[in-house]
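Structural description and commentary
Chain by chain, the residues:
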Amino acid sequence: MADLRAHRQVHGPVGPLSQRALIELAEGIKLTGRGGAGFPFAKKVRAVADAVERRGPAPFVVVNATEGEPAAWKDKVLLTRAPHLILDGAALVAWALRAVEIVVCVADDGVGESSLLAAVAERDLPVSARVVRVPHRFISGEGGALVQGINGLPHIPPGIKRRASEGGVAGQPTLLSNAETFAQLAIAARTGPRRYQEAGDADEPGTVLLSVTGSARHPAVVECPTGTPLADVLDLCAVPAGPAVLSGGFHGRWLDMAAASRAEVSRRGLAAAGGSLGAGIVLPLGPDTCPVGEVARVVRYLAAESAGQCGPCRLGLPDLSRAVDGLASGAGDPAVVRAAAAAVKGRGACSHPDGTAGFATSALEVFAEDLARHARSGDCGRPVAGVLPVPAARDEGGNRRLHVDWSRCDGHGLCADVAPDLIRLDGNGYPALLDAPVPVRLEPVATQAVAMCPALALRMAAPKH
């Protein structure tokens, strides 16, 4: 990590900006959020300023550096290598909006926290600043979940969609954006819009940070100008020839290698090829793993990572996971996956169901040949190597699964009534189980289903090693 003196030697000083100057700068460089949604930053500033003018209380500035997605590393690199850039950007916004406090949220995995705390301690910021630890889970970094956690509530989406600009931290107007967004703002404030736009595509100027892992022989966080061919990034990271690249992370889209070879690194460039920039995550698959099995692993993980507070997450995502597991076994039907995905889209309390559904349906098109092999033979002849980074169960007891003793099961169906989040009945009235560990939050209901099985056919146990 560069200390404050080294940071200023490299980057130079940066002074306060007025609210008008901040908005003009953000508009001049066409700055959008780098956390996934790509919302125009100037509009966020205006929304918070308008809310303050209407309501009166001073706003908060929240930096989201949590990166709950397993494949995301770019913000962690900024935290460990250049925390002062993040703080510079947050300070500029705090000056302009006359904020009451800066809150920087980091994951509780410990990556980057010590360097950030050291950076906060060695400098004077325009307002007080604090660091908040957030559970390192997929949905904990969602904007609503982040605000909930800062306010002392569970780190899950609130169940209703409310803009942070209207009511965020302590119910006051809040400007919330990703860590890289603030770092980009700090660079642009020093260079000015004209020089900043010398790098990158004219419509999306500047650079982006990409977390490249998956099958890459040299996984890395890569900074490149927008408009850079994605193929150049893959070559730099020594990605072997394979079937496809996942762009945008687990809520992103798959690109076959032909599409990836013509895609450019920008929101517009990746979208034109059928992909997504998202939070800057690039996950190539090599030739030595089963793509369908990899997709099934991720959908199981995403189904278990939900907040479990709305129907599309509690019931719809497990259904989607079962449908994708069916494809992996060769007994499923892509039409069932599409139906399960359609049942959750646009209905969730947050974007998690939509993102998971998009990931699964994108795979149906890109891996059509592999799906056909699974349908014919039960598999494609390749093992599931675990190339996509899906964490193991992290909570005590979170590796236990439900099992059925088919010599006892009489198809009473009571288990599905007791634990609908975990068990569905197939066309013959027999239980169909989710091929994944029982989430810790659902272990009590799973235990109840086991206890109430009339035939004593259902049990829950950890896998034998």
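See above for the structure.
Residues numbered from 1 in each chain as written. Predicted model: local features only at pLDDT ≥ 70, side-chain atom pairs only at ≥ 80, totals over all residues. Heavy atoms only, no water.

What follows covers the pairing of strand 5 (residues 207-212). Buried residues dominate strand 5, accounting for 6 of its 6 residues. The alternating pattern of strand 5 places Thr207, Leu209 and Ser211 on one face and Val208, Leu210 and Val212 on the opposite face, and all of these are buried. As paired strands, strand 5 and strand 6 (residues 220-225) are joined by 6 bridges and run antiparallel to one another. Of the residues in strand 6, the one forming a bridge with valine 208 is cysteine 224. Sheet topology note: the strand 5/strand 9 (residues 281-285) ladder contains 2 bridges and is parallel. Among the inter-strand pairings, serine 211 is bridged to a residue of strand 9, identified as isoleucine 281. (Buried < 20%, exposed > 50% of the residue type's maximum accessible area, 1.4 Å probe, protein only. Helix = DSSP H or I, 4+ residues; strand = E, 2+ residues; numbered from the N terminus. Pairing = 2+ DSSP bridges.)

This part covers the sheet that holds strand 7 (residues 244-247). If you walk across this open sheet you meet the 5 strands as 6-5-9-7-8, and the pairing is mixed. Because the sheet does not close on itself, it has two edges, and the strands there are strand 6 and strand 8 (253-256). In this sheet, adjacent strand axes meet at a mean angle of 30 degrees when their direction is disregarded. Across the sheet, helix 15 (residues 352-366) touches strand 7 and strand 8, and the angle it forms with strand 8 is around 15 degrees. (Axes fitted to C-alpha atoms, helices over the stretch in contact; angles between N-to-C directions. Contact = heavy atoms within 4.5 Å.)

Let us now look at the nonpolar core. Ranked by internal contacts, the top residues of the largest apolar core, which has 46 residues, are Phe41, Val61, Val93, Leu175, Phe182 and Leu185. Of all the elements in the fold, those that place two or more residues in this core are helix 2 (19-28), helix 3 (41-55), strand 1 (60-65), helix 4 (74-81), helix 5 (83-97), strand 2 (101-107), helix 6 (113-121) and helix 8 (179-196). Top contributing element to this core by residue count: helix 5, with 10 residues. Setting aside its immediate chain neighbours within four residues, leucine 175 contacts Phe41, Lys44, Val45, Val48, Phe60, Val61, Val62, Val93, Leu97 and Phe182. (Core = buried A, V, L, I, M, F, W, Y, C linked by side-chain atoms within 4.5 Å.)

Glancing now at empty space enclosed by the protein. To find the voids left in a structure, one rolls a probe of water-molecule size over its atoms. For the coordinates displayed, the defined rule picks out 6 cavities of 30 Å³ or more. Surrounding the largest cavity, 14 residues form its lining, Cys409, His412, Cys415, Pro431 and Cys453 being those nearest its centre. A per-class count over the lining of the largest cavity returns 10 nonpolar, 3 polar and 1 charged. (1 Å grid on protein atoms, 1.4 Å probe; cavity = no way out; pocket = protein on both sides within 12 Å on 5 of 7 lines; lining within 4 Å. Points joined across faces, edges and corners; volume = space filled by probe spheres on them. Nonpolar A, V, L, I, M, F, W, Y, C, P; charged D, E, K, R; others polar.)

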